[in-house]
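Working through the structure, step by step
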Amino acid sequence: MTRTVHTFCRYCLASCGLEVTVADNTVVKISPDKQNPHSWQDFCAKGRTAAEVVDHPRRITAPMKRVGDRYVETGWDEAIADIATRMNAIVDAGGPDAVGAYYGNPAGYSSSNLMFMNAWMDAVGTFNRYAVGSVDQNAMHVVAEKMYGSPLMVPVSDIDHCDYFLLVGTNPAVSAWNWVESVPGGWRRALARREHGATIVVVDPLRTETAQRADMHLAVRPGQDWALLLALVKVILDEGREHAQDCETLATGMTDLRELVATADLDDLARRCDLPVVEIVSVARGFAAAPRAMVVTRTGVSLHLAGTVAEWLGHVLNVITGRLDRPGGRRFEPGYVDALRLAGLAGAKPHLSRLRGRDLVAGAHALSELPDEITTAGRGQIRALVINSGNPVISGPDGAKLDRALAQLDLLVAIDLVQRESHRHAHWLLPAVHWLERDDLLAFTSNLHDEPYLHYGVRAVQPPPQAREEWRIFVDLALAMNRPLFGASGLNGLVRVSRRLARLTRRPNVEFGPLWVNRLLVATSRKVNGRRIRWRDVLAHPHGWVLGPREFGHFRTALRTPDKRVRVAPPEFVARARDLLAEPSPQAPAAYPFQLGNRRRRHSMNSWLNDLPGLHPSGKGTEVLVHPDDAARLGIDDGDRVRVHSPVGAVQLQAAVSDVPRPGVVVIDHGWGSRVFDPRGDAEPQAYGVNRNLLVDGDAVDPLSQTAALNSSYVAVERVVSAAPAQR
Ligand SMILES: Nc1nc2c(c(=O)[nH]1)N[C@H]1C(S)=C(S)[C@@H](COP(=O)(O)OP(=O)(O)OC[C@H]3O[C@@H](n4cnc5c(=O)[nH]c(N)nc54)[C@H](O)[C@@H]3O)O[C@H]1N2
Ligand SMILES: Nc1nc2c(c(=O)[nH]1)N[C@H]1C(S)=C(S)[C@@H](COP(=O)(O)OP(=O)(O)OC[C@H]3O[C@@H](n4cnc5c(=O)[nH]c(N)nc54)[C@H](O)[C@@H]3O)O[C@H]1N2
Ligand code: SF4
Ligand SMILES: [Mo]
């Protein structure tokens, strides 16, 4: 029998509404849900082919234990008992920090995963928590914390009223308009504004799909956005083009900011970012004069050694030109759940990492620290690690170093859909549930939507019988380890009683789990149009629910700084900017004359989906883009095999001569070079492309965000084999 399920896609934050046709627990078709009032327009091929992951021929469908160099399927009782016993022994010997966890990007698309993973980490008492943030959005968390008082306070884009888009380090034409905000159809909507006269300026070392549609493209030198943005702030302040009222009443620290820009020299800044002064001045004036405008900064800004200063100055531009909380700028969406308040109540404990002595950022340490924390002896040395929804050997810096460290663990547990590169040394592979098989209410990120919006994403199909949602795995582990969930005594008892009751009454929903939490969150949510949201209202909106119009005026009250003002010149950022100004203008080392840029692919999701035939029919992997001028100098032709290397690694792949990158920048897409293994059989691993992050040094990091130079490392390129040897 065929039925139709309405839900939403959980690959990226566009959260597109989906209509899923199902026959006998098999997905037959996925199309956009045109009745979704908020998001369906951004639908893409990744959503359309999502069932290929569900039906992946190499999917892990039962817990698998490593025995020698093979895996054998077991039941869950054996898996949980074995992992719990080994972890308890490891904690007894080395303390709670001897058990660690890394969680990746997809964990963020399941509130129950994140919540119960934290409950389990608190149960263990470990501070060895590593997350994708240090290779993604840490800079923004650090900036939000210092400027707005909470790492989670993120203003959203009001695209439909904007007259001037300054897009820095983002390629929304490919990646959708998302980086800790959910703006479905964002790029299409920005282009619609352009039809009505809006200006789009794109700052990117590559002439991307986004840059090609822009009014102006500034091909900045990678990693030097801070200099460009400081120059823009300087021109605006020096020429008195700031928004006087906001600078006086919303901002504090204007004097320190003015002092900083007074010490900076426009020509020097222009040299650093390698852009003409006239263009910088023209953008500064155009931006300040536009009636309604916004700066948007994303991963192109953050994944560098000066990423936090650049991210900060992007926010500063919005503040000093009066773009916060005004139409066409960046507003604060309160959401139906006050995540800022809840995060404040949870009150993350401070912690310094054992070896580097660095703070947690948004609750996690930096991925670049993980290898040494595994291999360096002493109390707190990690001996057991859980990798939850992540592929850090591919996504993080110096993957080879991490791979070597993972091989030394006493216990590596991977929770995933398939076994990828980072899981190759796993002692246990635990089968996860795909979002098409899961109910999710993303309540904690309700303030990231660009309009008040609620959607309970229901499952379209039932998961394989042995697959388990992460929350259940973490609860089972805490119970088996006999350590209290959330570190709160009594909770484990409640879970046990609720489980018994659920069994006795044959009502699975009685069991303590995400449904309890979701219902509690909805019951205590903010009123919408003066009315409480009820659970039955949530269920009555299968296509998603726009809760009301976009409101302005929440920003000021939402600020979590004591004086309810925005700090435009946090001393740490000013000091770091001064240090950067004191450094000489950047110059490539003679042995490594190129900077390694990055792209995402429309049909990939970081390191996954590359193996799906429906998205990558040619099976073609990665190539390195080289500018024609550079190619001529190196004697490289299109199709030549080249070696790209850095002080930490080397890869070989085909060259494509292209004028997409600016000269001096070579580009390899990230997310490739991750094999998909066959733990059930003996088939060869599927392998596509190379891992460009093998070339990135993890030791040098932005001191504020702890992020490595992922998209600006220096590399060398040389020809290995010519594509056309006979003609040479
Ligand atoms: N050089 C460079 N490096 C980068 C970036 C860059 O721009 N340049 N971008 C960075 C960014 S923005 C990100 S977000 C990171 C991504 O870094 P990661 O999050 O570490 O890696 P992903 O590639 O997203 O891998 C996700 C894994 O989760 C699995 N998975 C998917 N859904 C589920 C689920 O529901 N449950 C479980 N248990 N597993 C699931 C997938 O099969 C896959 O193995 O990479 C970063 N790395
Ligand atoms: N199709 C697809 N969509 C995705 C993803 C995916 O993997 N595939 N990933 C999702 C995730 S996890 C995230 S975080 C978002 C990210 O969303 P975006 O941040 O918009 O991601 P990118 O498309 O990588 O765009 C970053 C741009 O920054 C440029 N850049 C690199 N270095 C610099 C620099 O130094 N300065 C400047 N100004 N620009 C620079 C790059 O050339 C690139 O064009 O996308 C999400 N959407
Ligand atoms: S991956 Fe595609 S379909 Fe899914 S939410 Fe993002 S844009 Fe929408
Ligand atoms: Mo990301």
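All values derive from a computational prediction rather than experimental measurement.

Some thoughts on the domain arrangement of the chain
Splitting the chain by domain gives domain 1 (75-134 + 335-448 + 452-549), domain 2 (158-333 + 553-579) and domain 3 (588-721). With 27 residues of domain 1 at the interface, the matching set in domain 3 holds 27 residues. Carbon and sulfur atoms supply 49% of the area that domain 1 and domain 3 bury against each other, a total of about 2200 Å² over both sides. When residues of domain 1 are sorted by the area they lose upon contact with domain 3, Ile 394, Gln 419 and Arg 420 head the list and together hold 26% of the total. A salt bridge links Asp 699 to Lys 401; the nearest nitrogen and oxygen atoms lie 3.8 Å apart. Summed over the shared surface of domain 1 and domain 3, the result is 14 residue pairs in polar contact (both at pLDDT 80 or more). Counted by class, the side of domain 1 that touches domain 3 contains 10 nonpolar, 8 polar and 9 charged residues.

A look at the pattern of salt bridges
Summed over the entire model, instances satisfying the criterion amount to 50 salt bridges. Residue Arg 601 is joined to Asp 669 by a salt bridge in which the shortest nitrogen-to-oxygen separation is 2.4 Å. Here the residue Arg 601 occupies a position in the loop between β23 (594-597) and β24 (623-626), and Asp 669 occupies one in the loop between β27 (665-667) and β28 (714-721), the gap between them amounting to 68 residues. Where salt bridges share partners, they join Arg 468, Arg 472, Asp 476, Arg 499 and Glu 511 into one cluster.

What about the packing of aromatic side chains?
Tallying each qualifying case throughout the model produces 12 aromatic pairs. Centroid distance Phe 116 to Trp 471: 5.7 Å. Interplanar angle 50°. Geometry classified as tilted. Taken together, the positions of Phe 116 in helix α4 (residues 111-124) and Trp 471 in helix α20 (residues 470-481) put the pair 355 residues apart, joining distant regions of the chain. By the burial criterion, Phe 116 is buried, and Trp 471 matches it. Seen in terms of ring centroids, Tyr 456 and Trp 535 are 5.1 Å apart; in terms of plane orientation they differ by 65°. Their pairing is edge-to-face. Here Trp 535 lies in helix α23 (residues 535-539) and Tyr 456 lies in strand β20 (residues 456-457), a separation of 79 residues in the sequence. What makes Tyr 456 buried here is its relative accessible area of 10%. Pairwise contacts between aromatic rings join Phe 116, Trp 471, Phe 486, Phe 512 and Trp 516 into one cluster. The cationic tip of Arg 129 hangs over the ring face of Phe 127; the distance from NZ or CZ to the ring centre is 6.0 Å.

Rules used in this analysis
Residues numbered from 1 in each chain as written. Chains lettered and ligands numbered in written order. Predicted model: local features only at pLDDT ≥ 70, side-chain atom pairs only at ≥ 80, totals over all residues. Heavy atoms only, no water. Domains from an automatic or database assignment. Contact = heavy atoms within 4.5 Å. Buried area = accessible area lost by both parts, 1.4 Å probe. Salt bridge = Lys/Arg side-chain N within 4 Å of Asp/Glu carboxyl O. Polar contact = N/O pair within 3.5 Å; in protein donor to acceptor, adjacent residues only side chain to side chain. Nonpolar A, V, L, I, M, F, W, Y, C, P; charged D, E, K, R; others polar. Helix = DSSP H or I, 4+ residues; strand = E, 2+ residues; numbered from the N terminus. Phe/Tyr/Trp six-rings, centres within 6.5 Å; stacked < 30°, edge-to-face > 60°. Buried < 20%, exposed > 50% of the residue type's maximum accessible area, 1.4 Å probe, protein only. Lys NZ or Arg CZ within 6 Å of the ring centre and 35° of its normal.

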